[in-house]
There are 2 protein chains.
Amino acid sequence: MSRKQLNIGLFGFGCVGNGLYEVLQKTPALKASIKNICVKDKNKAREIGAENFTFDKNDILNDDSINVVVELIDDADAAFEIVSAALKKGKAVVSANKKMVAEHFTELLQLQKEYNAPLLYEAAACASMPIIRNLEEYYDNDLLESIEGIVNGSTNYILTKTFSENLSYEAALKEAQEKGFAESNPILDTGGFDAKYKLLILLAHSFGYIAQPEDIFNIGINNIGELELKYAKEKGFKIKLVAQAFKGLDGGLSAFVIPKFVTPEDRLYHVDDVFNGIITKTSFADTHFFVGRGAGSFPTASAVLSDISALSYDYKYEYKKIYREENLQLTNDVELKVLLRHKKENAEALKQHFNTIEEAYTNHDSGYITGNITLDNLKALQAQNTGDRSFILLNVVTEQEAAINADLALA
Amino acid sequence: MSRKQLNIGLFGFGCVGNGLYEVLQKTPALKASIKNICVKDKNKAREIGAENFTFDKNDILNDDSINVVVELIDDADAAFEIVSAALKKGKAVVSANKKMVAEHFTELLQLQKEYNAPLLYEAAACASMPIIRNLEEYYDNDLLESIEGIVNGSTNYILTKTFSENLSYEAALKEAQEKGFAESNPILDTGGFDAKYKLLILLAHSFGYIAQPEDIFNIGINNIGELELKYAKEKGFKIKLVAQAFKGLDGGLSAFVIPKFVTPEDRLYHVDDVFNGIITKTSFADTHFFVGRGAGSFPTASAVLSDISALSYDYKYEYKKIYREENLQLTNDVELKVLLRHKKENAEALKQHFNTIEEAYTNHDSGYITGNITLDNLKALQAQNTGDRSFILLNVVTEQEAAINADLALA
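Rules used throughout
Residues numbered from 1 in each chain as written. Chains lettered and ligands numbered in written order. Predicted model: local features only at pLDDT ≥ 70, side-chain atom pairs only at ≥ 80, totals over all residues. Heavy atoms only, no water. Least-squares fit on C-alpha atoms with pLDDT ≥ 70 in both. Phe/Tyr/Trp six-rings, centres within 6.5 Å; stacked < 30°, edge-to-face > 60°. Helix = DSSP H or I, 4+ residues; strand = E, 2+ residues; numbered from the N terminus. Buried < 20%, exposed > 50% of the residue type's maximum accessible area, 1.4 Å probe, protein only. Lys NZ or Arg CZ within 6 Å of the ring centre and 35° of its normal. Contact = heavy atoms within 4.5 Å. Buried area = accessible area lost by both parts, 1.4 Å probe. Salt bridge = Lys/Arg side-chain N within 4 Å of Asp/Glu carboxyl O. Axes fitted to C-alpha atoms, helices over the stretch in contact; angles between N-to-C directions. Parallel < 35°, antiparallel > 145°, perpendicular 65-115°, else oblique. Left-handed = near helix turned anticlockwise from the far one by under 90°. Nonpolar A, V, L, I, M, F, W, Y, C, P; charged D, E, K, R; others polar. Disulfide = S-S within 2.5 Å. Pairing = 2+ DSSP bridges. 1 Å grid on protein atoms, 1.4 Å probe; cavity = no way out; pocket = protein on both sides within 12 Å on 5 of 7 lines; lining within 4 Å. Points joined across faces, edges and corners; volume = space filled by probe spheres on them.

**Describing the relation of the copies chain A and chain B**
The two chain copies are connected by a rotation around an axis plus a translation along it. If you rotate chain A by 180° and push it 0.0 Å along the axis, it lands on chain B with an RMSD of 0.0 Å. Here the symmetry operator amounts to a two-fold rotation axis. Considering only C-alpha atoms, the part of chain A nearest the rotation axis is Phe290(A), at 2.4 Å.

Right, here's the structure in full:
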């Protein structure tokens, strides 16, 4: 099978761009070379000579000898502009920008079809881990029941440090930023937005469902406080930021990002530091579990490299599941067992929003409630959250359990 | 993308064949139906009517309306006959027979090429886990450094029971056989042969290297005794049967199957029961870890189903790495740190075969030595093993460590 010669136009030369440059030097079997690099800042000191760079995107977009554009910039809006311009020129594109891909999924799908140009973005979800490729190629749509995982490396790094080294949240965040694991705007990571963008991409490739960022509920780790950390430690749990999506019995699709208590029996318990881990569940194979580094310049660059390599064999996403049109609908009709940490004086009012209450605890100034709550009520409470509340998922209440609870309430 | 209508001729209706039959009933999106089933035993009671079966393989092989042959029989020689006849007829073939694929890799490659007919066998390595597809599609050859894992479900089930429930080896084996996890001939599993066949398949798809069964050294779990179990338990280790292959600094390729002590920090420690787990290591992505069920009718059938589904989109293995011809060579030039359990009276003689000795222990009738030994010496000692010795790997000695040890010995 013959491989295409790839001439790359690279946008962005930060952490990952630099990593890709080095990685390409060491993979001669791949007939790919960087012809031009477009960067924004004219005055920044860089590791390679100025002759490699341009400051005008058209030097790449209008260069017909460049057949692959690799987009590795921070700004999602500028990235979309570049990627759509490149696709319109018929160039293949590789991107690592989850926000851009998630926010413009439908348009990007349309552009790929209209201009017959492939867009690959394995690095946009779980960095080095080949999860999109697996979802796209291996799982037949009607067999996949759920997907659940740790998809954000920097929050996992922060949570790991918080648990294993008793670092404060602020100190752990600072360390993650210094190591280049966190986005420049930390709330994207710590607020669960980055995880949500990845979940949106995974939803499209796992269930063929294209959702908008505002359709998916996300809680991050930025409000986690001492009380719930203590609760976790006393019970031998860890807290992980978990993105998940699953099909209900009626065919509805639930999807959200929320911190979760995990026990040592849970595979995600052992996914620490910047590693990401995804558990898929299918009707017949049961669970599959994938683990890989979810951040870092070389791991992310390696996923970009895999996409570049795939392009050399004319690979493209077929989006089979999207075109199969299963008419799945996102639903909020799901019940969650959570821990809600709150101010002491709010305890009684908050209890009203729960379907069932298992535990209630208060000390001199704060407290927690554990019990079952609908996703709608959870969203409503979170919308009014001024930072004095925190929700941690214990588990999703199965539809069977919810039905039994409803019967008990009526009896 | 249009899907081909697949008319399946199925060989074998045991555990997995039965599972596949049921799974196909529940996946209507896949346009695949079983047209005929060939079985050997005319008198066996079966769950579906006699009209579904034939006893003459030519009823399938000569049926031009059948475009896919699925081979799920136990006998590797008969399987090869069927698979090669089907490929020669230009039929696509799906097989789960690792022994057959491993023993006839070169011939099967040639047949696929000559008759332009695809052969897929995801179920032959690690059952439900999509490892072949990942190795084939995702890893660029020059980036993969090593592959290591638990690839045999029944021995992992036996070892798990031995550790967690203190079952005897014999009782655990019996339970595995009763649950349908073990091959009909247990030595294939317990002797590490099944793991070796899988390693041979993985070698071809990970490093592009086709080896013969006799090229690869394997030790199974059938000689593991109380002393090394006690050693593991006292130190908080588990024993896992691990297949591994890695590239050396000089480009040599080492590959073997040997039981290994794993610590709680090792990802394989948490792969229990019939689950399989594979760790790949690449230069840039670092490690990836894949886990899935390695035995059982539905998990194995689900991998067969994924191959059938892939055929409906005209997928085939490209064998890129084999055709890239890297001239890798298998080497025994590797040093292993092992525990050797032995009869008390053999202690001194056995020590002569070690490069370095770390610990030596004896009790009234037996003992163990831990230390570094070359793979050649290990093979020689194992060749004379009458069942009174057992080797458990502690770790592979890196080339750097081996060089330092050699310097120390000279000094």
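After that view of the structure, there is still more to cover.
**Some details on the packing of aromatic side chains**
Where two aromatic rings form a pair, the distance of their centres and the angle of their planes describe that pair. Residues and elements named next belong to chain A. Enumeration over the complete set of coordinates arrives at 28 aromatic pairs over all chains. On the numbers, 6.3 Å between centres and 75° between planes, the contact of Phe105 with Tyr121 is edge-to-face. Of this pair, Phe105 sits in helix 5 (residues 105-114) while Tyr121 is found in the loop between strand 6 (119-120) and helix 6 (131-137), placing the two residues 16 residues apart along the sequence. Taking the relative accessible area as the measure of exposure, Phe105 reaches 6% and is therefore buried. Looking at Tyr121, the relative accessible area reads 1%, which means it is buried. Note on Tyr231 and Phe261: the rings are 5.2 Å apart at their centroids and 40° apart in plane angle, and the pair reads as tilted. Taken as a pair, Tyr231 in helix 11 (residues 226-235) and Phe261 in strand 10 (residues 252-262) lie far apart in primary sequence, 30 residues in all. When its relative accessible area of 7% is taken as the criterion, Tyr231 is described as buried. Assessed through its relative accessible area of 3%, Phe261 is described here as buried. Through a chain of ring-to-ring contacts, the aromatic side chains of Phe105, Tyr121, Tyr315, Tyr317 and Tyr319 assemble into a single cluster. For Lys233, the ring lying beneath its charged end belongs to Phe163, and the centroid distance is 5.5 Å.

**Concerning the interface of chain A and chain B**
Many structure descriptions define interface size as the accessible area lost when the parts assemble. Residue-level contacts link 42 residues of chain A with 42 residues of chain B. Between chain A and chain B lies a buried interface of about 3,700 Å² when both sides are counted; carbon and sulfur atoms form 56% of it. Summed over the three residues of chain A that lose the most area to chain B, namely Tyr138(A), Arg267(A) and Phe284(A), the buried surface amounts to 20% of that side. At the surface where chain A touches chain B, the tally comes to two salt bridges.

**Remarks on the packing of helix 3 (residues 76-88) of chain B against helix 5 (residues 105-114) of chain B**
All names here are of chain B. Between helix 3 and helix 5, the least distance of the axes is 9 Å, while the angle of their chain directions is 20°. The angle between the axes of helix 3 and helix 5 places the two elements in the roughly parallel class. Once helix 3 is placed against helix 5, the crossing between them reads as left-handed. Residues Phe80, Val83, Ser84, Leu87 and Lys88 of helix 3 form the contact with helix 5, whose participating residues are Glu107, Leu108, Leu111 and Gln112. Residues of the contact of helix 3 with helix 5, tallied by class, amount to five nonpolar, two polar and two charged.

**Describing the state of the cysteines**
Residues and elements named next belong to chain A. This model, assessed by the stated rule, comprises zero disulfides over all chains. Sulfur of Cys15: no disulfide; nearest cysteine sulfur belongs to Cys126 and is 18 Å away. What makes Cys15 partly exposed here is its relative accessible area of 45%.

**Section: the pairing of strand 14 (residues 335-343) of chain A**
Consecutive residues of a regular strand have side chains that alternate between opposite faces of the sheet. Residue and element names in this part refer to chain A. Of all nine residues making up strand 14, eight are buried, and the element is well covered by its neighbours. Here nine bridges tie strand 14 to strand 16 (residues 366-374), and the two strands are oriented antiparallel to one another. Across the sheet, residue Leu340 finds its bridge partner in strand 16, namely Ile369. As paired strands, strand 14 and strand 17 (residues 390-397) are joined by seven bridges and run antiparallel to one another. Among the inter-strand pairings, Lys337 is bridged to a residue of strand 17, identified as Asn395.

**Focus on the environment of Ser306(A)**
Note on placement: Ser306(A) falls in helix 12 (residues 297-312). The class for Ser306(A) is buried, based on a relative accessible area of 10%. Filtering out sequence-adjacent residues up to four positions away, Ser306(A) remains in contact with Arg133(A) and Tyr138(B).

**As for empty space enclosed by the protein**
Scanning all chains against the criterion turns up five cavities of 30 Å³ or more. Taken as a whole, the largest cavity holds about 100 Å³ of empty space. Elements that contribute at least two residues to the lining of the largest cavity include exactly helix 12 of chain A together with helix 6 (131-137) and helix 13 (320-324) of chain B. Here the lining of the largest cavity is built from residues that sort into four nonpolar, three polar and seven charged. As a volume, the second largest cavity reaches approximately 70 Å³. In terms of lining, the second largest cavity is formed by Tyr138(A), Tyr139(A), Asp140(A), Leu143(A), Thr282(A), Ala285(A), His288(A), Ser128(B), Ser302(B) and Ser306(B). Looking at the lining of the second largest cavity residue by residue, the classes come out as four nonpolar, five polar and one charged.

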